[in-house]
Amino acid sequence: MDFLQLTAPQAAAQLLGNLLISETPEGRVCGRIVEVEAYTQDDPASHTFKGHTARNNSMFQQAGTAYVYFTYGMHYCINIVTDKEGTGSGVLIRAVEPVEGIEIMWRRRYKEDMPATTARQRLLNLTNGPGKVAQAFGITREDDGVNLLDTSGIIRLESDSTTEAWRLFNTTRIGISQAKDVLWRWHTDSPYVSKTRP
DNA sequence: AATGCGATGGTCT
DNA sequence: GACCATCGCATTT
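The rules we used
Residues numbered from 1 in each chain as written. Chains lettered and ligands numbered in written order. Predicted model: local features only at pLDDT ≥ 70, side-chain atom pairs only at ≥ 80, totals over all residues. Heavy atoms only, no water. Helix = DSSP H or I, 4+ residues; strand = E, 2+ residues; numbered from the N terminus. Rg over C-alpha atoms; globule rule 2.2 N^0.38 Å. Buried < 20%, exposed > 50% of the residue type's maximum accessible area, 1.4 Å probe, protein only. Contact = heavy atoms within 4.5 Å. Areas by Shrake-Rupley, 256 points an atom, 1.4 Å probe, with all protein chains shown as cover. Lys, Arg positive; Asp, Glu negative; His and termini not counted. Charge placed at Lys NZ, Arg CZ, Asp CG, Glu CD. Salt bridge = Lys/Arg side-chain N within 4 Å of Asp/Glu carboxyl O. 1 Å grid on protein atoms, 1.4 Å probe; cavity = no way out; pocket = protein on both sides within 12 Å on 5 of 7 lines; lining within 4 Å. Points joined across faces, edges and corners; volume = space filled by probe spheres on them. Arc of directions from axis to C-beta. Core = buried A, V, L, I, M, F, W, Y, C linked by side-chain atoms within 4.5 Å. Near = heavy atom within 4 Å. Polar contact = N/O pair within 3.5 Å; in protein donor to acceptor, adjacent residues only side chain to side chain.

(A) The arrangement of the overall build of chain A in detail. Secondary structure assignment for chain A yields 4 helices and 8 strands. Moving toward the C terminus, one meets the helices and strands of chain A in the order α-β-β-β-β-β-α-α-α-β-β-β. Relative to the compact-globule value of 16 Å for 198 residues, chain A shows a C-alpha radius of gyration of 16 Å, a close match. The 198 residues of chain A split such that 49% are buried. Considering only contacts within chain A whose residues lie at least 6 apart along the sequence, 59% involve residues at least 24 apart. Here chain A displays about 9,700 Å² of accessible surface, and carbon together with sulfur accounts for 49% of that area. On chain A, the mean spot of the 21 positive side-chain charges and the mean spot of the 23 negative ones are 8 Å from each other.

(B) How the structure looks around the pattern of salt bridges. Taken as a whole and assessed by the stated rule, the structure comprises 13 salt bridges. Across the pair Glu100 and Arg28 runs a salt bridge, and its minimum N-O distance is 3.1 Å. In this pair, Glu100 sits in strand E5 (residues 90-100) while Arg28 sits in strand E2 (residues 27-39), placing the two residues 72 residues apart along the sequence. Judged by relative accessible area, Glu100 falls into the partly exposed class, the value being 33%. A relative accessible area of 29% places Arg28 in the partly exposed class. Of the charged contacts, one joins Asp43 and Arg173 as a salt bridge, the two residues approaching to 2.6 Å between their closest N and O atoms. Pair noted here: Asp43 is in the loop between E2 and strand E3 (66-71) and Arg173 is in the loop between strand E7 (169-171) and strand E8 (185-187), with a separation of 130 residues, a long-range link. The burial state of Asp43 is the same as that of Arg173; both residues are buried. Look at the salt bridges and you will find they share partners, linking Glu23, Arg28, Glu100, Arg156 and Glu158 into a network.

(C) Inspection of the layout of surface pockets at higher detail. Quantified by volume, the largest pocket comes out at close to 780 Å³. As for the largest pocket, its lining consists of 32 residues, and the residues nearest its centre are Tyr69, Thr71, Tyr72, Ile174 and Gly175. At the level of elements, E2, E3, strand E4 (75-81), E5 and helix H4 (130-137) are the ones that each hand at least two residues to the lining of the largest pocket. It is H4 that contributes the most residues to the lining of the largest pocket, 4 residues altogether.

(D) Layout of helix H1 (residues 8-15). For H1, every residue scored as buried is listed here: Ala8, Ala11, Ala12 and Leu15. Buried residues of H1 fall within an arc of 120° about the axis and therefore sit on the same side. Looking at the packing, one finds that the buried side of H1 touches E2, E4, E5, strand E6 (155-158) and E8. Just past H1, the residue Gly17 takes up positive phi, approximately 95°.

(E) Structural view of the nonpolar core. In terms of nonpolar packing, the biggest core is built from 35 residues, with Leu15, Ile33, Val36, Ile78, Ile80, Phe137 and Ile139 touching the most fellow members. Elements that contribute at least two residues to this core include exactly H1, E2, E3, E4, E5, helix H2 (102-110), H4 and E6. Ala45, Tyr69, Cys77 and Leu92 belong to the second largest nonpolar core, which has 10 residues in total.

(F) Representation of the protein's contact with DNA strand C within the structure. Taken together, 21 residues lie near DNA strand C, and Tyr69, His75, Asn79, Arg109 and Gly131 sit nearest. Backbone atoms, meaning sugar plus phosphate, form 60% of the atoms of DNA strand C positioned within 4 Å of the protein. Take His47: an N or O atom from its side chain is 2.8 Å from a phosphate oxygen of DNA strand C. Here a phosphate oxygen of DNA strand C and a backbone polar atom of Lys132 are 3.1 Å apart. Looking at the surface near DNA strand C, the elements that each hand over two or more residues are E3, E4, E5 and H4.

Written as C-alpha cells, this is what we have:
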C-alpha cells in the first residue's frame with residue numbers, strides 16, 4: 001500500500017482489486033474494491049477545498065487514515081486518505097464486490113435474514129454505492145480517523161495477491177456539482193459498480 | 001430506461 | 001437558511 005503516499009488521483013486506480021475488511025462482533029465482512037473517486041485539496045468538489053475544519057480533519061492525516069463523513073442526514077461514506085500528512089486528499093470507495101460475510105451485509109442492509117434464494121438485483125444492491133458500502137460494513141462516525149493499515153483494526157485495508165484481470169474505466173465523478181468534467185473516477189467491469197455512466 | 005423527489009441532519013454562511 | 005461525494009421509491013417512457 002506504498003502507493004497511498006501518492007496524490008489521490010495517482011493512487012486511486014491502484015486501490016481497485018484490494019480488500020476492505022470489517023470485523024465486528026457481528027462477524028467478518030470482506031469486499032473487493034471495484035469503484036473509486038479521487039478528491040484533492042485544490043479540487044472544488046472536495047470537502048477540503050475551503051480548508052481544514054473539524055469535519056474534514058481526517059483527510060489531512062497520514063496516508064491510510066479513514067475519512068468517514070455523514071451526508072444527506074442519513075448516509076456514511078468512507079475515504080482512504082492519501083498523500084503527505086497535512087494535505088487534504090483521499091479516495092472515496094464507491095463500490096465493492098462482496099467476498100465474505102454476505103449474510104451479515106444482507107442483515108445490515110435489509111434488516112432481515114438472508115433468504116435461501118435471492119434475486120440478483122438484491123445482491124448487487126448490497127454494496128453498489130458509497131452509502132451502501134458503509135452500511136453493509138457497519139461503518140459509522142466511530143470509524144472516522146482510524147488507521148486502515150493497522151492489521152488489528154476493526155475496519156481495515158488489505159492488499160490482495162490474486163492476479164485477477166479486469167477492464168479499467170476512467171470517467172467523471174458522481175453526484176457532484178463542482179468540477180464535473182474532471183476524470184477522477186475509476187472502476188472495473190464488476191456488476192457491483194454503482195453506475196455505468198457518470 | 002430514465003427521471004423526479006422526499007427523507008433527514010450536520011456543516012457552513 | 002442553503003447545501004450536500006446518497007438512497008429508495010414513485011411515476012412516466
